[in-house]
Amino acid sequence: MIVSCLAAGLAWPWAGACAGEDDGGKAYRVAVGLVVLESEAPGDGYGQSEFYVSIDRRDPAARQAFKRARTELTAVKQELRRVGRQLAKSEASGSDTLSSEEKKDRENWLASTKRRLGDLRSRMASLESKAAELRKRFWGRTPEVSVSGRRVHFAGMKLPVKVYRGDRVTISFWEADAFDSDLMGRKTFEIDGAKLTAGGFQLNTGWVESLHLELVPNE
C-alpha cells in the first residue's frame, strides 16, 4: 500500500490521501499539556525562555510529494524572475524608433508576457499552498510559550498534524532561538491502542523530566 501511495504522490498535482486516511481510520490530534524540565536543564532559571513542541509523523508519500512541490516551486520562481527581467527591459527600451508593424509586434509580445507572468504567479501561489498542505501531513509545531522557570504550560495546544492508529511519530521539545533552536528532548513512539484508550500519557526524554500529551479526536 505504501508503494502504490508513494507512486501516486509523485504524480503531480498530488491528489487524494495516503497512509492513515486511506483505511478510513479515525483521525486524532496530539494536544500538549504541561512540560517539566530537569533541574539541571541548560538555561534554567536565567530569565525568560521561549519553548515549543514539534511533531514529525512518518509518511513517505507526503514527504515525496512535498519535495516534488518544492522543486517545482523553485523552478517557477526562477522562471518568474527571468520573465520579469525580460518584461522590464522591454518596457524600458521604448518604441519611438519602431515601425508600425514592429510596434504592433511589441505590444502583442508585452501582452503575452504579462499573461505569462500572471500564470506563473498563480502557479506559484498554488504550489505554495499545496506544499504547506502537504507539510502539515507530516510535520508541525506549537506556537512558542515564554516562561522563566522549569514548568512550561502549553494548555492543551493541539499540534497541527493528524495522526492515526499505527502511526509512528516523533515528538521534540525545543528552546527557541532566532538562529538555531536547541533540542531539549526527543521521543519516537507508536500511536497504539493503549495510548488511544488511555487518552493522556507522559514522556521523559533528554532534559525533559515529564511532557504530558493527550490524544484527542480530530474535529
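Everything here concerns the structure above.
Within each chain, residue numbers correspond to sequence positions counted from 1 in written order. Per-residue local features are limited, in this predicted model, to residues with pLDDT of at least 70; the limit for side-chain atom pairs, both in listing and counting, is 80 or more; totals at the level of whole chains, interfaces and linings are taken over all residues. Excluded from the side-chain calculation are hydrogens and water; included are all heavy atoms of the structure.

Undergrad: Tell me about the nonpolar core, and name the residues and values.
TA: Nonpolar side chains tend toward joint burial in soluble globular proteins. In this structure, Phe154, Ile171, Phe173 and Leu213 are the most contacted members of the largest nonpolar core, which totals 29 residues. Here a helix means four or more residues in a row that DSSP labels H or I, a strand means two or more in a row labelled E, and each is numbered from the N terminus. Going through the elements one at a time, β1 (28-37), β2 (49-57), β4 (145-147), β5 (151-158), β6 (168-175), β7 (182-190), β8 (200-205) and β9 (208-217) are the ones with two or more residues in this core. Examining the composition of this core, we find that 5 residues originate from one element, β1, more than from any other. Beyond its immediate chain neighbours, meaning those up to four positions away, phenylalanine 154 contacts Val32, Gly33, Val35, Phe51, Tyr52, Val53, Thr142, Pro143, Val145 and Phe173. The definition of a nonpolar core used throughout is a set of buried Ala, Val, Leu, Ile, Met, Phe, Trp, Tyr and Cys residues joined through side-chain atoms within 4.5 Å. Think of it in three bands: residues with accessible area under 20% of the maximum for their type are buried, residues over 50% are exposed, and the middle band is partly exposed, with areas taken using a 1.4 Å probe on protein chains only. Membership of the second largest hydrophobic core comes to 10 residues, among which are Val76, Leu110, Leu117 and Met124. Note on contacts: a residue pair is in contact if any heavy atoms of the two residues lie within 4.5 Å.

Undergrad: Summarise the pairing of β2; cite the residues concerned and give the values.
TA: Among the 9 residues in β2, 7 count as buried, and that is most of the element. Strands are treated as partners if at least two bridges between them are detected by DSSP. Inspection of the sheet shows β2 paired to β4 by 3 bridges, in the antiparallel sense. Paired with phenylalanine 51 across the bridge in β4 is valine 145. Inspection of the sheet shows β2 paired to β6 by 7 bridges, in the antiparallel sense. Bridge pairing links aspartate 56 to threonine 170 in β6. Sheet topology note: the β2/strand β3 (residues 139-141) ladder contains 3 bridges and is antiparallel. Each bridged residue has a counterpart across the sheet, and for isoleucine 55 the counterpart in β3 is glycine 140.

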